There are 2 protein chains.
Amino acid sequence: MTPAGRGQCTLEDVAARAGVSRATVSRVVNGSPLVSVAARRAVELAIDELGYSPNRAARSLAGQRSETVALVVSEPSVRLFADPFFARATLGIAGVLGATRYQLVLLMMHSDADHIRVERHLLRGGADGVLLLSTRAGDPLPGHLAEAGIPSVMAGRPPEGVEAGFVDADNVGGARLAVAHLIARGCRVVATVAGPTDMVPGADRRAGWEKALAEAGRSADASLVAEGDFTRPGGADATRALLARRPDLDALFVGSDLMALGALDALREAGRRVPEDVAVVGFDDSELARSSDPPLTTVRQPIEQLGTEMARLLLAQLDDDAPPTGVVLRTELVVRGSG
Amino acid sequence: MTPAGRGQCTLEDVAARAGVSRATVSRVVNGSPLVSVAARRAVELAIDELGYSPNRAARSLAGQRSETVALVVSEPSVRLFADPFFARATLGIAGVLGATRYQLVLLMMHSDADHIRVERHLLRGGADGVLLLSTRAGDPLPGHLAEAGIPSVMAGRPPEGVEAGFVDADNVGGARLAVAHLIARGCRVVATVAGPTDMVPGADRRAGWEKALAEAGRSADASLVAEGDFTRPGGADATRALLARRPDLDALFVGSDLMALGALDALREAGRRVPEDVAVVGFDDSELARSSDPPLTTVRQPIEQLGTEMARLLLAQLDDDAPPTGVVLRTELVVRGSG
DNA sequence: CGGCCGGGTGGGAGCGCTCCCATCACCACG
DNA sequence: CGTGGTGATGGGAGCGCTCCCACCCGGCCG
């Protein structure tokens, strides 16, 4: 049986068939320009006939690379963004990476032990590049990767002082949009249920709220802020606290759709009508926003595009060794019934 | 500098330090029993001191294995189960696999071209085992993998004639539960919005509906079935068709929560009150079910457990070469406001 | 007491690739 | 017509591991 069978065929086989040396075939496969047109054609023909495809393990062993991109996700965030954030971003990432020689390896961190395991693996060269889908501010991983010179791209702005590529939705801008909308609607007291301030999106959305208030000549009084934990009950609790503190509030900008649902719960419970008594705007435009009662006015971020951009930025570092850069994606306001 | 630095250290280094040969170290690492206690201890000590961990690429090159488990997902289904199905199942899978030597590689199939690429890659030995997270009935991939002798586990029952491991939720049983509940509630005309019959869960849930009706001594008349495509508008359309055909219906079992939301839309539009005029039960217990108006009574399936079981079954095939087996997970009824 | 068996061990030959270097043809120049 | 490039090529030495085989040594049998 010829080497053409299922049992893989090697560079050597191709070389023999094309009447050239192993090295020349390798050059063709890796796109080196130092090959004559005739040789290149012969090799390409042989590759087609034999159905050759390079052996990953051999390639990465000899080349001291892993041919792998790691997608790092920490578990709590998967649960948190229980809405399709993870799935959609991954979709975008896989779409871009599927067309390259890189394999996408999933690294989920459940426990602290996982955290250590994952970091060791990456620092050991377990992946050529790293995509960080969700990290808390204060997580040392991005910094360590940068120090080790391992290309990486984060979803969300990197913490201060860390030189990493990133793709972020325009959280500040989106929040401003939302709050400006509430003000334009005639609301006088615009409070906010903010996400945890130790998470960048939480902090940024809150900053956008402040900015919009400042631009309208209003002050962002501390009594107008309550912090939630990005969950539905958390949003409800924060809203109750706000209601107790500021019974005069007539608008609520909430740092995530999930928390906004909690806010709706609390408002209903308090007998406030939405949007007549209190207008509510969320953030994310998750699936949930469409089916709540009333449907949620919210800020949409292009999640799938976030994934594709992350992959693209990483590839630029990996293949064209471009320096790490950042991209900010535009967000838009989706007006529904709640505000 | 000793080989202990960041720059990896090899079997040979460990062997030198422990005063044994490379082969002996390899035996220890791979758990061979043919090593004396003294040698084993010396090697383990050396490994700890040097912080050795084996090189994946070398191992898989020499061992003719890939040390990899592929998670295959087709894109349309990610979009469909836009609810956290994918994320949660993946969580379960990664949790189990993280503790093993296998890497989890993500393979998403966007286009038909991807389909071919993925199949070729797998049939070439691109992964030691395969986890199929979502496949349509009629997809040849599971069959091809089985023929090639590549261990695999599917989410959902495999198509007829294919010998593959699988983990399935008890769709039939869950549907029976739901319909029995509607009947016990006093509903007289229980119709169903079924999922596409070419998808196993769609067909099974419909079968459960029929079974429950039969058990109650009622006939599953064809006029009581409309097929949706697992989307919200699809569910609404199917419901409209049912309403036109059977204005007397007073209960609806819907094959997914997303379609059930569509059903609620259509019922509201037709002026029917839920659950007073028409009781509605969904399937999945997605996030959405909790926040709809009224909250959806639905059938819960243990998605994360589905993932862990899939991983476990695959590992059994891989490491203990157990034959492929199937597991069916219990579903339960969650009663909320809609039925 | 010679042979034989078998657990424990070391050496060596790859796995399929990349990359460096030597080689060689060929051209242009002095 | 020699010399020095320069572009194209082949050969060889690994990358770090697994696995086969040969080896050595002790105990036990005949």
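About the criteria used
- Residues numbered from 1 in each chain as written.
- Chains lettered and ligands numbered in written order.
- Predicted model: local features only at pLDDT ≥ 70, side-chain atom pairs only at ≥ 80, totals over all residues.
- Near = placed C-beta within 6 Å.
- Helix = DSSP H or I, 4+ residues; strand = E, 2+ residues; numbered from the N terminus.
- Nonpolar A, V, L, I, M, F, W, Y, C, P; charged D, E, K, R; others polar.
- pLDDT = per-residue confidence, 0-100.
- Contact = placed C-beta atoms within 7 Å.
- Axes fitted to C-alpha atoms, helices over the stretch in contact; angles between N-to-C directions.
- Parallel < 35°, antiparallel > 145°, perpendicular 65-115°, else oblique.
- Left-handed = near helix turned anticlockwise from the far one by under 90°.
- Pairing = 2+ DSSP bridges.
- Core = buried A, V, L, I, M, F, W, Y, C linked by C-beta atoms within 7 Å.
- Buried ≥ 20, exposed ≤ 12 C-beta atoms within 10 Å, placed from the backbone.
- Least-squares fit on C-alpha atoms with pLDDT ≥ 70 in both.
- Expected span 1.5 Å × (residues − 1).
- Arc of directions from axis to C-beta.

## What about the protein's contact with DNA strand C?
Lining the immediate environment of DNA strand C, one finds 26 residues, of which A:Leu11, A:Ser26, A:Ala58, A:Ala62 and B:Ser21 sit closest. Elements that contribute at least two residues to the surface near DNA strand C include exactly helix H2 (22-29) and helix H4 (56-63) of chain A together with helix H2 (22-29) and helix H4 (56-63) of chain B. Here the surface near DNA strand C is built from residues that sort into 14 nonpolar, nine polar and three charged.

## Some words on the confidence of the model for chain A
Chain-level pLDDT for chain A is 91 on average; 96% of the residues reach the 70-or-more range. pLDDT under 50 marks residues 1-6 of chain A. Its contacts with residues more than four places away, or in other chains, come to six contacts.

## A closer look at the protein's contact with DNA strand D
As a structural note, the neighbourhood of DNA strand D is formed by 26 residues, with A:Ser21, A:Ala39, B:Leu11, B:Ala58 and B:Ala62 the closest of them. With five residues, H4(B) is the largest single contributor of residues to the surface near DNA strand D.

## A short note on the packing of helix H11 (residues 232-245) of chain A against helix H12 (residues 257-269) of chain A
Residues and elements named next belong to chain A. One can describe the packing of H11 onto H12 by two numbers: an axis separation of 6 Å at closest approach and a directional angle of 50°. Classed by the angle they form, the pair H11 and H12 counts as oblique. Between H11 and H12 lies a crossing of right-handed hand. Taking contact as the criterion, the partners of Arg232, Pro233, Gly234, Gly235, Ala236, Thr239, Arg240 and Leu243 in H11 are, on H12, Leu258, Met259, Ala260, Leu261, Gly262, Ala263, Asp265, Ala266 and Leu267. In the contact of H11 with H12, the residues fall into 10 nonpolar, four polar and three charged.

## Comments concerning the interface of chain A and chain B
How big an interface is tends to be stated in terms of the accessible area lost upon association of its parts. Between chain A and chain B, the residue contacts involve 32 residues of the former and 32 residues of the latter. Secondary structure elements with two or more residues in the side of chain A that touches chain B: H4, helix H5 (75-80), helix H6 (85-97), strand E2 (103-109) and helix H13 (287-291) of chain A. In terms of residue class, the side of chain A that touches chain B is made up of 16 nonpolar, 10 polar and six charged.

## Side note on the sheet that holds strand E6 (residues 190-194) of chain B
All names here are of chain B. An order of E7-E6-E8-E9 is seen for the four strands of this open sheet, with the pairing classed as parallel. With partners counted over all chains shown, the strands left at the sheet margins are strand E7 (225-227) and strand E9 (279-281), one partner each. Between one strand axis and the next, the sheet turns through 20° on average, direction left out of account. Bridge count for strand E8 (residues 251-254) against E9 is three bridges, and the pairing is parallel. Counterpart to Phe253 in the pairing with E9 is Val281.

## Details of the nonpolar core
One finds A:Leu71, A:Leu131, B:Leu71 and B:Leu131 to be the most contacted residues of the largest nonpolar core, which totals 88 residues. Beyond its immediate sequence surroundings of up to four residues, A:Leu131 is in contact with A:Val69, A:Ala70, A:Leu71, A:Val72, A:Ile93, A:Val153, A:Met310 and A:Leu314. By size, the runner-up hydrophobic cluster in this structure holds 86 residues, among which are A:Val280, B:Leu182, B:Leu224 and B:Val280.

## Considering the packing of helix H1 (residues 11-18) of chain B against H2(B)
Residues and elements named next belong to chain B. Packing of H1 against H2 brings their axes to within 8 Å, and their N-to-C directions diverge by 105°. Viewed along their axes, H1 and H2 adopt a mutual orientation that is roughly perpendicular. The segment H1 lies against H2, with Leu11, Glu12, Val14, Ala15 and Ala18 engaging Arg22, Thr24, Val25 and Ser26. Taken together, the residues of the contact of H1 with H2 sort by class into five nonpolar, two polar and two charged.

## Thoughts on the relation of the copies chain A and chain B
With an RMSD of 0.2 Å, the operation that places chain A on chain B is a rotation of 180° combined with a shift of 0.1 Å along the axis. What the rotation and shift describe, once combined, is the action of a two-fold rotation axis. The overlap is high: 100% of the interface residues of chain A also sit at the interface in chain B, so the same surface is used on both sides.

## Things to note about helix H3 (residues 37-50) of chain A
All names here are of chain A. For H3, spanning 14 residues, the distance from its first C-alpha to its last is 20 Å, which sits close to the expected 20 Å at 1.5 Å a residue. Considered for burial, the residues of H3 that qualify are Val43, Ala46 and Ile47. What you see down the axis of H3 is that its buried residues fit within an arc of 100°, all on one side. What points out from H3, more than 90 degrees from its buried face, is the exposed set Val37, Ala38 and Asp48. For H3, the secondary structure elements touched by its buried residues are helix H1 (11-18) and H2. Gly51 sits one or two residues past H3 and shows a positive phi near 65°.

## Some points on unusual backbone geometry
Cis rather than trans, the peptide bond between B:Val274 and B:Pro275 has omega equal to 5°. The omega angle of the peptide bond from B:Asp293 to B:Pro294 is -5°, so this bond is cis rather than trans. Here B:Pro294 is to be found in the loop between helix H13 (287-291) and strand E10 (298-300). In the Ramachandran plot, A:Asp284 falls in the positive-phi region, its phi being about 130° despite a non-glycine side chain. Unlike most non-glycine residues, B:Asp285 shows phi in positive territory, near 55°.

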